[in-house]
Amino acid sequence: MATSTKQNANKSPWGWLAVIGVFLLTKAKWLFVILKIGKFATLASMFLSLWAYAVFYGWKFAIALVYLIFIHEMGHLVAAKIKKIPTSPAIFIPFLGAAIGIDPKKIDHAKTEFFVAYGGPLAGLISIFPAIALYLFTNDPYWVLVVQLGALINLFNLFPVSPLDGGRIVSVLSTNIWLIGLFILIPFLLISPDPILILIFIFGLVTWWKQFKEHTNIAIMKYEETVLTEINKDLRFFVQNESDALNDVDHPGNHLSVLFVRLNDRKDKVNQFLLRNSGFKLPILQEKKRIEIKKAKAEEVILKNILNEMRMREGTLEVDPQFHFIITSILNKNETKQTEIRNEIERVKTYYQTSTGTKVKSLILYLSLAIALAFMLVYAMNILESNQLSNF
């Protein structure tokens, strides 16, 4: 994610409009669907951003900024392609930069996330080199501005807070670094309540909190798996005793009705538990009770889906084979769901588990990139300062 760092933009109403725009984008996925039509999504949004930046800062600055953001995003896309991770086209968002869509579940490990996230600022560093060469050849300070802007954008993106690239990069080291990054961000917010920084802080806090509560999600998923195991046990019993149902020629659906009543009774008990705790405000310390309520809600959804499936098929119980079809169909769906839950639990539990060697290598790469970008920034600032003094 690349972000414009122009000071005047941040202090204007456009900064707040950008924040509102991001909020709407996160809530209105249909907008991304519209932008993704065909192969013109990247170009269309790029020219839109180019026009928006040009209106406020002029064409030369706009072209430099869009170029730097484009190369940055291409770095992510290339890295994702190397890892064979599907992505959406790069979508430019005026006054915020650009983004590519990646399903988090397609990334199997923090090492892979590091690789994809690192590709952006690494490509950003590479994008600076042509500007340096052009400055040395033409002595035009415009190219030094491109160097400075590119270094700022990519160095800013290395800040260790999600959703910035730096937050995703340091996750291979420890997600606790996110919290440190948030604390470092607080003084800047107090000194200058920049809308972009506020947005990053909010997203970063939400991301950290979700990770902090990951143990709760694992507990709920394990409970879901247990509920499905118990229900599948009943389903298998009816499938294995299908001969009794076949002998009941006059009422083949009665056996399914027995199962339906049993599951419905279980759902009623869950509903009663949720009803008893519906208006109850639980203190933060009563985490155990909170987890129980979340488990009950998850069980309610499972039972509701199964019962709805049985209701839909209730009217088809005119011939014996339908009985077997209904039960086995639900059973197969439950087993597929169980497999998905087990895989997700394993993915979540092992996602951030990395060796010491991997952590050391990742830290070296992260610091090396940050130092290189900082060097480029200082290099550009010194040249611009020298030009100003000579002109004075």
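Residues numbered from 1 in each chain as written. Predicted model: local features only at pLDDT ≥ 70, side-chain atom pairs only at ≥ 80, totals over all residues. Heavy atoms only, no water.

A.B. asks: Explain the nonpolar core to me, please; I cannot follow it from the model alone.
C.D. replies: Proteins that are soluble and globular tend to have nonpolar side chains buried together. In terms of nonpolar packing, the biggest core is built from 64 residues, with Y53, L65, I128, V147, L158, I169 and M376 touching the most fellow members. With 10 residues, helix α6 (residues 110-138) is the largest single contributor of residues to this core. Setting aside chain neighbours within four positions, we find V147 in contact with I128, A131, I132, M376 and A380. Of all hydrophobic cores here, the second largest spans 27 residues; its members include L228, F238, L263 and I293. (Core = buried A, V, L, I, M, F, W, Y, C linked by side-chain atoms within 4.5 Å. Buried < 20%, exposed > 50% of the residue type's maximum accessible area, 1.4 Å probe, protein only. Helix = DSSP H or I, 4+ residues; strand = E, 2+ residues; numbered from the N terminus. Contact = heavy atoms within 4.5 Å.)

A.B. asks: Mind showing me how you'd approach unusual backbone geometry here?
C.D. replies: As a rule of thumb, non-glycine residues mostly have phi less than zero, and peptide bonds are mostly trans rather than cis. Here S162 and P163 are connected by a cis peptide whose omega angle stands at 20°. Among the secondary structure elements, P163 is positioned in the loop between α7 (141-157) and α8 (165-170). One non-glycine residue with positive phi stands out, namely K84, at about 60°. Take K84: it is sitting in the loop between α5 (59-82) and β1 (91-93). Here N139, not a glycine, exhibits a phi torsion of approximately 60°, which is positive. For N139, the location among the structural elements is in the loop between α6 and α7.

A.B. asks: Help me out: how do you make sense of the packing of aromatic side chains in this one?
C.D. replies: The description of an aromatic ring pair rests on the distance of the ring centres and on the angle between the ring planes. Per the stated rule, a full pass over the model turns up eight aromatic pairs. A ring pair is formed by Y57 and F61, whose centres lie 5.2 Å apart and whose planes are at 70°; its orientation type is edge-to-face. For the ring pair Y142 and W143, a centre distance of 4.9 Å and an interplane angle of 70° mean the geometry is edge-to-face. With relative accessibility at 15%, the residue Y142 sits in the buried group. (Phe/Tyr/Trp six-rings, centres within 6.5 Å; stacked < 30°, edge-to-face > 60°.)

A.B. asks: Which parts of the structure should I look at to understand the side chain of Q148?
C.D. replies: For Q148, the position within the fold is in helix α7. Overall, Q148 belongs to the buried group, its relative accessible area being 18%. Discounting residues that sit within four places of it in the chain, Q148 has contacts with L377, A380, M381 and L384.

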